[in-house]
Amino acid sequence: MAGSLEQETVKFVAMTGNEAVAEAMRQINPDVVAAYPITPQTEIVQIFSTFVADGLVKTEFVTVESEHSAMSATIGAAAAGARAMTATSSQGFALMWEMLYIAAGLRLPIVMPVVNRALSSPINIHCDHSDTMGARDSGWIQIFSENAQEAYDNLIQAVRIAESRDVLLPAMVCMDGFIVSHGMESVKLLMDEEVRGFIGEYEPAYSLLDVDHPITVGALDFADWYFEHKRQEAAAEAPVAEVVLKVGEEYGKLTGRSYGLFEAYRLDDAEVAVVALGSTAGTAKAVVDELRQKGVRAGLLKIRLYRPFPKDAIVRALSGVKAIAVLDRSDTFSTMGGPVFIDIKASMYDLMHGEHGEHGEHDAHGAQDAREARDMQGPRIVNYIYGLGGRDIDLEQIRKVYERLQAIVATGETGEPVSYLGVRE
Amino acid sequence: MGDVLEIRWHGRGGQGAKTAALLLGEAASAAGKHIQAFPEYGPERMGAPVLAFNRISDEPIMVHCHVSSPRIIVVLDPTLIRTGSVTAGAPEDAVYVVNTHLSPSEMRKKLGVSAGKVFTVDATQISLDCLGRAIPNTPMIGALIRATGLMKLEDFISDTRRKLEKKFGSKPGIVEGNIKAIERAYQEVKGE
């Protein structure tokens, strides 16, 4: 880690999230980038294309006519053994849809920044997480970023995570549209050689161009073997968390900024906690600090790795909390709340039914009082859907969320499980 | 949050409110501060009301919401005052820096504020004199720096000169005109 001592003297630079991500792509210097511009991702493609034009990268830049082609060309390049990237947002992301599953099914370690933006209709260019949340079952690794620094750091780490021989899955790195992508913030960059040293030379596991080891890509795969291949794809998700932790720790040694599966902010002794991802997690931290000064045991769990979902670690981190509010910047339109809420609730089920705790044996007796005691185990969990289409979420709204959690702890009454925050009803 | 200085810029599309926020953010960052600079993205058209924001702090800045009660308010176009948006949410002791030919006491009456501080400078005239165009954003940063002391003028000028030279290297008149406008506004701004 030759650079680690020098890091002390590296200064912050003022950059937007898009500028930071484009800079990371320059430093990653992928073999192929095939991309199509869409607000609010456009700047990434625009800035990166100037790097190509100026000869600052050796990348083959493919100007395609749609996002479907962008992902198709990226898949082709990756199958040929190239380190390949693209980037998108919103409708463009939606247009990639069928190819997303193909990238994951072919186990191609493509890395893609996604600038989160609402989906039509109505037409809206601003931030919510509807675009990437829809692809949570596509087999891609999904990593969320709180700010421009994290978007930069996560993109560099995603290369290592996706390309790990234990994983070989595509990874998307998400950041909030406009709020992070167009907001200028203080960012610390690595030196080019540090990034190149960290990600290493790409050696593809398989390559269509390796004529000595011929392979078939995209073969017909009916009832005889399809299931086994999908089972292997599911198995590939299992080691992701461990690889994310290893890469995050190594990145910390290089930069002083370590990354885990999530960030537990003042959560250790917390009685009430918010679960959030993206830029809102930062705003919530400011509220946590305020409440802690007033003696309220408030905390925050900020999800970083969303897919695969690091269920066990999250359950452990939240098990001591009495009331949790999950903030979702997208809706599932299922009457069941937002996607993160559904995941957190499903994860906590075993805990609430004693299988992680010490009261599990009460179940066997079936006594009414034991059942009640069991039902009281584990945190109360409520959901807020907020910020759709870029609606601002401020400190005051998040204060109200924590106030409600305190009331739940005091009264034991959970009330409406799913609410909408900051909307005109 | 008490240690984070929050600034709100009021302008109209084409006056450079967003660019002003970004230039100030970059210069404050170069001077060692943690910063945020961002506009409110609405319909993008010439003449439409535009908001831009800065946060400046010695500590890392965590929040990612709009600035709703700014301590410093910069007004590039005084015709926006009658909409009420300029004083909205501002604390009593807010500092106003307004582009106008009016005196600070006349502007104070227009704003309808009794406490706090009001600074005025004719940045439109300065930009017409120095650049030949009514783009009051860079002189307003000069006035803001004088009014608030939030950074050293020479630090801002050296960072901005570098940025402008990169963008307008083939048009040295634009670079020098902007620097002159910043310095003039810094000298001419008056406050009470």
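Since we're looking at a predicted model, the values are computed, not measured.

## Regarding the overall build of chain A
Here is step 1: Summing up its helical and strand segments, chain A has 16 helices and 15 strands in all.
Here is step 2: Taken against the 2.2 N^0.38 rule, which gives 22 Å for 425 residues, the C-alpha radius of gyration of chain A at 22 Å falls within 12% of a compact globule.
Here is step 3: The principal-axis extent of the C-alpha atoms belonging to chain A is close to 70 × 55 × 50 Å.
Here is step 4: The burial tally for chain A puts 56% of its 425 residues in the buried class.
Here is step 5: In chain A, 81% of the contacts between residues at least 6 apart in sequence involve partners at least 24 apart.

## A word on the pairing of strand 3 (residues 60–63) of chain A
All names here are of chain A.
Here is step 1: The sheet contact formed by strand 2 (residues 32–35) and strand 3 spans four bridges and is parallel. In the sheet register, A35 faces strand 3, and the bridge partner there is T63.
Here is step 2: With helix 2 (residues 42–53) bridging strand 2 and the parallel strand 3, this β-α-β connection has right-handed handedness.

## What about helix 9 (residues 226–237) of chain A?
Given 3.6 residues per helical turn, the α-helix brings residues three or four places apart onto the same face.
Residue and element names in this part refer to chain A.
Here is step 1: Relative to the 16 Å expected for twelve residues at 1.5 Å per residue, helix 9 spans 17 Å between its end C-alpha atoms, a close match to the ideal helical length.
Here is step 2: For helix 9, the set of buried residues is E233, A236 and E237. Buried residues of helix 9 fall within an arc of 110° about the axis and therefore sit on the same side. Those residues of helix 9 that are exposed and aimed more than 90 degrees away from the buried face are F227 and R231.

## As for the sheet that holds strand 1 (residues 13–16) of chain A
Here is step 1: Spatially, the nine strands line up as an open sheet ordered 1(A)-8(A)-2(B)-3(B)-1(B)-4(B)-5(B)-6(B)-7(B), and their pairing is mixed. The outermost strands of the open sheet, each flanked by one partner alone, are strand 1 of chain A together with strand 7 (190–191) of chain B.
Here is step 2: Strands in contact with helix 2 (residues 104–111) of chain B are strand 5 (95–99), strand 6 (117–121) and strand 7 of chain B; relative to strand 6 of chain B, the strand with the most contacts, it is inclined by about 120°.

## A short note on the domain arrangement of chain A
Residues and elements named next belong to chain A.
Here is step 1: In terms of domain boundaries, chain A breaks down into domain 1 (6–255) and domain 2 (262–421).
Here is step 2: Taken residue by residue, the interface counts 27 residues in domain 1 and 24 residues in domain 2.
Here is step 3: Both sides of the domain 1 and domain 2 interface together cover about 2,000 Å² of buried area, and 55% of this is carbon and sulfur.
Here is step 4: When the area that domain 1 buries against domain 2 is broken down by residue, the three leading residues are R136, F144 and E146, summing to 29%.
Here is step 5: Note that E150 and K302 form a salt bridge whose closest N and O atoms lie 2.6 Å from each other.
Here is step 6: Along the contact surface separating domain 1 from domain 2 lie 14 residue pairs in polar contact (both at pLDDT 80 or more).
Here is step 7: Listed by contribution, the elements that provide at least two residues to the side of domain 1 that touches domain 2 are helix 6 (130–133), strand 6 (141–144), helix 7 (148–163) and helix 10 (240–255).
Here is step 8: The greatest single-element share of the side of domain 1 that touches domain 2, amounting to four residues, is contributed by strand 6.

The rules behind these values
Residues numbered from 1 in each chain as written. Chains lettered and ligands numbered in written order. Predicted model: local features only at pLDDT ≥ 70, side-chain atom pairs only at ≥ 80, totals over all residues. Heavy atoms only, no water. Helix = DSSP H or I, 4+ residues; strand = E, 2+ residues; numbered from the N terminus. Rg over C-alpha atoms; globule rule 2.2 N^0.38 Å. Buried < 20%, exposed > 50% of the residue type's maximum accessible area, 1.4 Å probe, protein only. Contact = heavy atoms within 4.5 Å. Pairing = 2+ DSSP bridges. Right-handed = clockwise from strand over helix to strand, strands pointing away. Expected span 1.5 Å × (residues − 1). Arc of directions from axis to C-beta. Axes fitted to C-alpha atoms, helices over the stretch in contact; angles between N-to-C directions. Domains from an automatic or database assignment. Buried area = accessible area lost by both parts, 1.4 Å probe. Salt bridge = Lys/Arg side-chain N within 4 Å of Asp/Glu carboxyl O. Polar contact = N/O pair within 3.5 Å; in protein donor to acceptor, adjacent residues only side chain to side chain.

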